[in-house]
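Summary of the model geometry
These are the residues of each chain, in order.
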Amino acid sequence: MANFTIVSMVLFFLSLGFKDVSARGDEQSLTIRGFADGETGFWSRNLLLSEDNRFRELEELARGYMTNAELEKSVKEYAQKCRNISRIYSIGTSVKGFPLWVIEISDKPGEEEAEPAFKLLANMHGDEPVGRELLLLLANWLCENYLKDHLATYIVRNIHLHILPTMNPDGFSLRRRGNANNVDLNRDFPDQFFTENNDDNLRQPETKAIMKWMMERKFIASASLHGGALVANYPWDGSEDTRKQYYASPDDKTFRYLASLYSQSHRNMSLSKEFQGGITNGASWYPIYGGMQDWNYIHRGCFELTLEVGDNKWPKAEELPALWKDNKMSLLNLVASVAKSGVHGRILSSKTGLPLPASIKIKDINYTVKAGQRFGDYHRLLAPSQSYDVTAFMPGYESKTTRILLENGAMNLDFVLIPEEEPKDHMDLCNGCQCNCDNKGKLEVMEVFNRNHFQITLALIAISGVLCLIFMGRLRLKLQKRRQLVGHKRTIVA
Ligand SMILES: *[C@@H]1O[C@H](CO)[C@@H](O)[C@H](O)[C@H]1NC(C)=O
Ligand SMILES: *[C@@H]1O[C@H](CO)[C@@H](O)[C@H](O)[C@H]1NC(C)=O
Ligand SMILES: [Zn+2]
């Protein structure tokens, strides 16, 4: 417990030290917010005034952008106008009760198919509004060009594209980064290193909605649109020791391929002087913890990029058409890449011919991709122009490996797995439980414990339960404080 406290304090002070984080944040408003909170007197009054001015300035800048009500209206109109290729649904509501609308685009919207799904979301940071406009422009472009333009038709036919234009409508109407509770949603996800972020009770409704959404359906890849820099950012976002350094995920090559696809298709992202090729590893730019991108990849098999679509968070609304033009091919190519690159196929049982929810592994890449339950379809994104050893495996079946040379396009590779010989008396307990749910297996387990063991175990469980409650109570208090602080700091940082 002591170690844990020390570690969290160290992490907290380190997090205060991320000063060099200019681009992903808005330094000016950060500084102001940092001082204005809490202090009173001349300085803070002045600072509050400038915060006020800043708000008025933002109101001015927001002119010509859709309000939340207008956004909702255009989502609903879209569903009417483009009903042959779309449907809309809400994944939950913000703190203030605004629905988080999603547009699904496909030639069979709402139907499950053996096709990859891609999700695009924007406005996770309330003060980064360009993405929400771009995503509606994208949806409209697809609707208008389906059956006219080759790429539009390809995307609608081969991919299920889900678009969430705003993840943080409350932050948008407040013209600030955080949500209505002033929490930075891109620090609110469970974290692989910063495990004290993993208490679900502290999570914001917007974050919970995303996590639930991700549990209910399978997205192969996604992108989250931000503003304040011009770069395509890929995992990892955090490094284990909190140092700013290149911290590669198992799929570093694939991520660099996807990020480059975005930056190279953009009018000038790849010309960046700050980021070579217009792409960056998150931790080498600056490490963050509790981000959405890493969580997607670690827990949901979803390859997510964080796209910073412009240095200016609030360009004038008149510039939006030009920004759409700059990002159009990038967005289309990235979405299409879930079907146009990598290895795809189905995994079936040799015995029944039925789909298997098996898994795919690539030699030398420590990452597993799961096939879909219903169709046994898998979609494994990979960098092109390389050979790979692809293994399909599933408990109870002999695994199979095939060597492929992946060229520039996607490759189709189906697997038929043969059940392992399993002599009846070697069936393990768990299989037994699943096969005949007559509780026999469970009773046997109980009998393994003799009475004494059982009582001691119960006592130990009770004691650890009490200790755990005390510990969690303290931790929660500390975390609440810490989150507030981190929220403010992050507001500054980016
Ligand atoms: C890209 O173009 C925009 C708009 O003209 C400009 O503000 C920005 O500095 C350019 N960035 C790069 C890296 O060339
Ligand atoms: C593979 O990744 C898992 C986490 O997903 C990790 O626990 C394990 O140590 C890794 N194995 C190797 C050989 O790096
Ligand atoms: Zn952002």
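Just above, that's the structure.
A few points on the structure. It should be emphasised that the depicted structure is a prediction, and the values quoted were computed from it without experimental measurement. (Residues numbered from 1 in each chain as written. Chains lettered and ligands numbered in written order. Predicted model: local features only at pLDDT ≥ 70, side-chain atom pairs only at ≥ 80, totals over all residues. Heavy atoms only, no water.)

**Description of the sheet that holds strand β13 (residues 386–393)**
The strand order across the open sheet built from four strands is β11-β10-β13-β14, with neighbouring strands paired in antiparallel fashion. Strands at the two margins of the open sheet, each flanked by one partner only, are β11 (365–370) and β14 (400–406). Within this sheet the neighbouring strands show an average axis-to-axis angle of 25°, counted without direction. As judged from the four bridges shared by strand β10 (residues 359–362) and β11, these two strands associate in the antiparallel manner. (Pairing = 2+ DSSP bridges. Helix = DSSP H or I, 4+ residues; strand = E, 2+ residues; numbered from the N terminus. Axes fitted to C-alpha atoms, helices over the stretch in contact; angles between N-to-C directions.)

**Points about the pairing of strand β4 (residues 160–164)**
For β4, the buried fraction is high: five of the five residues fall into the buried class. Of the two faces of β4, both are covered, the one formed by H160, H162 and L164 as well as the one formed by L161 and I163. Of the strand pairs in this sheet, strand β2 (residues 99–105) and β4 are connected by three bridges, and their pairing is antiparallel. Each bridged residue has a counterpart across the sheet, and for E104 the counterpart in β4 is H162. In the sheet, strand β3 (residues 117–122) pairs with β4 via five bridges, with the strands oriented parallel. From the neighbouring strand, K119 faces β4, where its bridge partner is H162. (Buried < 20%, exposed > 50% of the residue type's maximum accessible area, 1.4 Å probe, protein only.)

**Concerning the coordination of the zinc ion (ligand 3)**
Of the protein atoms, only H125 (ND1), E128 (OE), E128 (OE) and H226 (ND1) coordinate the zinc ion (ligand 3), at distances of 2.0 to 2.6 Å. Taken together, the four donor atoms coordinating the zinc ion (ligand 3) and their angles of 55 to 151° define a geometry best described as irregular. Each donor residue of the zinc ion (ligand 3) belongs to the same chain, with the gaps between them written as H-x2-E-x97-H. According to the relative accessible area criterion, H125 is buried, its value standing at 2%. (Donors = N, O, S within 2.8 Å, 3.2 Å for Na, K, Ca; no water. Tetrahedral: all angles 85-135°; square planar, octahedral: opposite > 155°, others 65-115°.)

**Side note on the nonpolar core**
Looking at soluble globular proteins, one finds that nonpolar side chains tend to be buried together. Grouped together as the largest cluster of nonpolar side chains are 89 residues, with contacts concentrated most on I105, F118, L120, L138 and I347. Looking at which domains feed residues into this core, each of domain 1 (20–340) and domain 2 (343–422 + 475–493) supplies at least three. With residues up to four places along the chain from it excluded, the contact list for F118 reads I159, H160, L161, H162, F219, A221, S222, A223, L334, V335 and V338. V102, M167, I210 and M211 belong to the second largest nonpolar core, which has 20 residues in total. (Core = buried A, V, L, I, M, F, W, Y, C linked by side-chain atoms within 4.5 Å. Domains from an automatic or database assignment. Contact = heavy atoms within 4.5 Å.)

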